[in-house]
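Commentary on secondary and tertiary structure
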Amino acid sequence: GRADEAREAYQAAAHLLEADAGLLKALEQIDRRLEDWPALSADLAALADAVQGDPHLRAAVMVARARLHETHIDDPDAAAEIYESALAVDRGAAPTVLPVLRRLHEQQRRWLDLVRALRREAELATDPDAKAAALYRIGQVQAERLGSLTDAVDAFDASAHAVPRAATLQALADLHARRGQDAAL
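Throughout, residues of each chain are indexed from 1 in the direction in which the sequence is written. Local features in this predicted model are restricted to residues of pLDDT 70 or higher, and side-chain atom pairs are both shown and tallied only at a pLDDT of 80 or more, whereas totals for entire chains, interfaces and linings draw on every residue. The basis for every side-chain value is the complete set of non-hydrogen atoms in the structure, without hydrogens or water.

A separate point is the pattern of salt bridges. When a carboxyl oxygen of Asp or Glu lies within 4 Å of a side-chain nitrogen of Lys or Arg, that pair is called a salt bridge. On inspection of all chains with the given rule, the structure shows 12 salt bridges. Through salt bridges with shared partners, one network takes in Asp77, Glu84, Arg110, Asp113, Arg116 and Arg120.

And the structure:
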């Protein structure tokens with residue numbers, strides 16, 4: 001129909017004008033209305049490229065594209081990759097991106113990626129409780145999912161140094177006992 005014709009005209013114009021942000025935004029709106037998710041993803045990728053001079057805006061467009069892949073295209077791997085790219089472009093996107101990455105990696109059982117996201121969260125945390133919680137979760141994943149007791153002890157130890165909690169100290173005691181290092185207590 002007319003929306004398809006309009007999309008074709010905007011695509012031709014955007015190609016000729018080398019990705020004018022206004023034209024790309026118009027294409028995005030048309031593809032969103034048509035629910036053409038792959039085309040919308042391409043529009044958002046082009047828009048992110050067109051606004052390279054504004055890292056905050058570029059990251060926001062990338063986050064929108066990642067959400068599209070997660071919710072409409074059902075491609076959590078691509079979504080995670082795009083979220084990671086958004087974080088690389090603008091560290092200010094961390095409060096939005098890191099919780100989503102944690103959830104995606106947990107759902108996909110990508111334990112090393114989950115640990116990496118949690119480490120970034122701990123590094124960026126200004127609140128000691130948030131830092132301790134991220135480090136504690138790293139310890140859990142290292143012990144329970146990756147079987148790395150040494151890395152788990154290190155994470156729990158760092159968590160206990162950030163904010164000493166009974167659960168963290170108990171987890172450390174349990175791990176030392178499992179490793180036969182009762183003397184480390």
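For helices the rule is a DSSP run of H or I covering at least 4 residues; for strands it is a run of E covering at least 2, with both sets numbered from the N terminus onward. For a helix, the expected span equals 1.5 Å multiplied by the number of residues minus one. Look at helix 4 (residues 55-71): 24 Å from first C-alpha to last across 17 residues, which is about the 24 Å you get at 1.5 Å a residue. Among all positions of helix 4, only Arg58, Ala59, Val61, Met62, Val63, Ala66, Leu68, His69 and Glu70 are buried. Residues count as neighbours in contact if any of their non-hydrogen atoms are within 4.5 Å of one another. Looking at the buried positions of helix 4, the neighbouring elements they touch are helix 3 (37-50), helix 5 (76-89) and helix 6 (94-107). Remark: exposure states derive from per-residue accessible area (1.4 Å probe, protein chains only) relative to the maximum for the residue type, with buried under 20%, exposed over 50%, and partly exposed in between.

Let us now look at the environment of Arg58. If you trace the backbone, Arg58 turns up in helix 4. The exposure class of Arg58 is buried, given its relative accessible area of 18%. Once the C-alpha coordinates of Arg58 and Ala48 are considered, the two residues, 10 residues apart in sequence, prove to be 4.9 Å apart. Beyond its immediate sequence surroundings of up to four residues, Arg58 is in contact with Ala48, Asp49, Val51, Gln52 and Val89.

A separate point is the packing of helix 4 against helix 5. How two helices sit against one another is set out by the angle between their axes and by the gap between those axes. At a minimum axis separation of 8 Å, helix 4 and helix 5 run at an interaxial angle of 170°. The orientation of helix 4 relative to helix 5 falls into the category roughly antiparallel. Across the interface between the two elements, Pro55, Arg58, Ala59, Met62, Val63, Arg65, Ala66, Arg67, His69 and Glu70 from helix 4 touch Ala78, Ala79, Ile82, Tyr83, Ser85, Ala86 and Val89 from helix 5. Ten residue types, Ala, Val, Leu, Ile, Met, Phe, Trp, Tyr, Cys and Pro, are classed as nonpolar, four, Asp, Glu, Lys and Arg, as charged, and the remainder, Gly among them, as polar. Along the lines of polarity and charge, the residues of the contact of helix 4 with helix 5 split into 11 nonpolar, 2 polar and 4 charged. Lines fitted to C-alpha atoms define the axes, with helix axes restricted to the stretch in contact, and inter-axis angles between N-to-C directions lie between 0 and 180 degrees. In what follows, roughly perpendicular refers to angles from 65 to 115 degrees, roughly parallel to angles under 35, roughly antiparallel to angles over 145, and oblique to any angle outside these ranges.

Turning next to unusual backbone geometry. Despite not being glycine, Asp74 has its phi angle at roughly 55°, a positive value. As for its placement among the helices and strands, Asp74 is situated in the loop between helix 4 and helix 5. Backbone geometry at Arg109 places phi at a positive 60°, although glycine is not the residue there. Mapped onto the elements, Arg109 comes out in the loop between helix 6 and helix 7 (111-124).

At a minimum axis distance of 9 Å, the contact between helix 2 (residues 21-34) and helix 3 shows a crossing angle of 160°. Put simply, helix 2 runs roughly antiparallel to helix 3. Here helix 2 runs over helix 3; the crossing is left-handed. Residue-level contacts link Ala21, Leu24, Lys25, Leu27, Glu28, Asp31 and Arg32 of helix 2 to Trp37, Ala39, Leu40, Asp43, Leu44, Ala46, Leu47 and Ala50 of helix 3. We call a crossing left-handed when the near helix sits turned anticlockwise from the far one by less than a right angle, and right-handed when that turn is clockwise.

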